[in-house]
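Analysis of the macromolecular model
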Amino acid sequence: MELNIKDILTRVTRYNLIRNGRMIYIDVHKKIQGNLAGDYIAVPNLVNIIAESRHQGAGGTEEDALSDCLKKIKGLDIEELFPAVAPKNNNKNK
C-alpha cells in the first residue's frame with residue numbers, strides 16, 4: 001500500500017447501542033497500518049464527536065475491544081461519554 005509512514009489506516013465495523021431511547025455508534029477499528037492502542041480499538045461516537053479515550057476499548061480481537069469498551073461505559077449516561085463543549089459566546093463586541 002502506498003501510505004505515508006505516519007498514516008493510520010483501519011477497517012471499521014459499526015455497532016449501534018441504544019441506551020435510554022438514544023442511539024450512539026461504537027466503531028471497532030481493525031489496524032491495517034499505524035500505531036493504535038491495540039490491534040482493534042472500539043470507539044463510541046456520535047458521528048462527528050468521539051468519546052473520551054478512557055471510554056474506548058482495546059484488544060487483540062474485535063470482540064475483545066468491543067467487550068472492553070462496553071465494560072468501560074456500562075452504567076454511564078450518554079452525556080458522560082463525550083467531552084464537554086463550552087458554549088459559544090454569541091455576544092458580539094460593540
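These lines cover the structure that appears in this document, whether it is placed above or below. (Residues numbered from 1 in each chain as written. Predicted model: local features only at pLDDT ≥ 70, side-chain atom pairs only at ≥ 80, totals over all residues. Heavy atoms only, no water.)

1. Here's the deal with the overall build of the protein chain
To keep things clear, this is the line we draw: Segments assigned H or I by DSSP are reported as helices when at least four residues long, segments assigned E as strands when at least two residues long, and all are numbered from the N terminus. Buried residues are those whose accessible area, probed at 1.4 Å on protein chains only, stays under 20% of the maximum for their type, while exposed residues exceed 50% and partly exposed ones sit between those limits. Contact definition: two residues touch when any of their heavy atoms are within 4.5 Å. Using the Shrake-Rupley algorithm and a 1.4 Å probe, accessible areas are obtained, with residue cover drawn only from the displayed protein chains.
A count of helical and extended segments in the protein chain gives two helices and four strands. Counting from the amino terminus, the protein chain carries its helices and strands in the arrangement β-β-β-β-α-α. The buried share among the 94 residues of the protein chain stands at 30%. The contacts of the protein chain with a sequence gap of at least 6 include a subset with a gap of at least 24, amounting to 36%. Total accessible area on the protein chain is roughly 7100 Å²; 49% of this is exposed by carbon and sulfur atoms.

2. Brief notes about the pairing of strand β1 (residues 9-19)
Successive side chains on a regular strand alternate, one facing one side of the sheet and the next facing the other. Under the convention used in this document: Here, a strand pair is defined by DSSP locating no fewer than two bridges between the strands.
Bridge count between β1 and strand β2 (residues 22-33): 11 bridges; the pairing is antiparallel. Residue pairing across strands places Thr10 opposite Lys31, the latter belonging to β2. Taken together, β1 and the strand that follows it, β2, pair antiparallel across an intervening segment of two residues, in which Asn20 is found at a positive phi of about 55 degrees.

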